[in-house]
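# Inside the fold
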Amino acid sequence: RTVVHAKHPSLAEALSDLATVLSDTNPAAAEPLLLESLQIRRESGDAHPALANVLNSLAIVHNRLGRGGEAIVELEEALRIHDRLFGPTSGHAIN
C-alpha cells in the first residue's frame, strides 16, 4: 500500500484479486478486501465495469456467508451498471 496512493485503481484491483483467491476457502476474510476495493471504485466517481465486477464478487461472498439479501442488492446494482455501460442486450459479461 505504500507503493501506490491509498485510493489508486491498482490497489482496488489488487484487493479484488486477493479477495477472489480467498473467497472459496475463507469468504469472511475476502469481504473486507472487497469492501475496501468497492469504496475505492465508488470514490472514482464513474460507473466503470470494474465497479460492477467488485459488486458481483462481493455478492458471491455475501451469498457464501448466508447473506443472500445483500447479495441480491449487489447483483442488481452490478446489472444496472452493466446495462448503463453496454446496453441490456449486449454480449458483455460481468466477471
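Because the structure is a prediction, the values reported are computed rather than measured.

### Describing the nonpolar core
One recurring pattern in soluble globular proteins: nonpolar side chains tend to sit buried together. By size, the foremost hydrophobic cluster in this structure holds 17 residues, and its most contacted members are L34, L38 and L55. Going through the elements one at a time, α1 (9-23), α2 (27-43), α3 (49-64) and α4 (68-86) are the ones with two or more residues in this core. Tallying contributions element by element places α3 first for this core, with 6 residues. Excluding anything up to four places from it in sequence, L38 contacts L51, V54, L55 and L58.

### Here's the deal with the environment of R41
The topology assignment puts R41 in helix α2. Judged by its relative accessible area of 14%, R41 is buried. R41 sits 13 residues away from V54 along the chain, and the two C-alpha atoms are 8.4 Å apart.

### Things to note about the environment of L35
Mapped onto the secondary structure, L35 falls in helix α2. For L35, a relative accessible area of 39% translates into the label partly exposed.

### A few points about the packing of α1 against α2
Here α1 crosses α2 at 160 degrees, and the two axes come no closer than 8 Å. Taken together, the axes of α1 and α2 are roughly antiparallel relative to one another. Crossing hand, α1 versus α2: left-handed. Contact residues: P9, L11, A12, E13, L15, S16, L18, A19, L22 and S23 in α1; P27, A29, A30, L33, L34, E36, S37, I40 and R41 in α2.

Analysis parameters
Residues numbered from 1 in each chain as written. Predicted model: local features only at pLDDT ≥ 70, side-chain atom pairs only at ≥ 80, totals over all residues. Heavy atoms only, no water. Core = buried A, V, L, I, M, F, W, Y, C linked by side-chain atoms within 4.5 Å. Buried < 20%, exposed > 50% of the residue type's maximum accessible area, 1.4 Å probe, protein only. Helix = DSSP H or I, 4+ residues; strand = E, 2+ residues; numbered from the N terminus. Contact = heavy atoms within 4.5 Å. Axes fitted to C-alpha atoms, helices over the stretch in contact; angles between N-to-C directions. Parallel < 35°, antiparallel > 145°, perpendicular 65-115°, else oblique. Left-handed = near helix turned anticlockwise from the far one by under 90°.

Without other data, these values stay purely geometric and don't point to any function.
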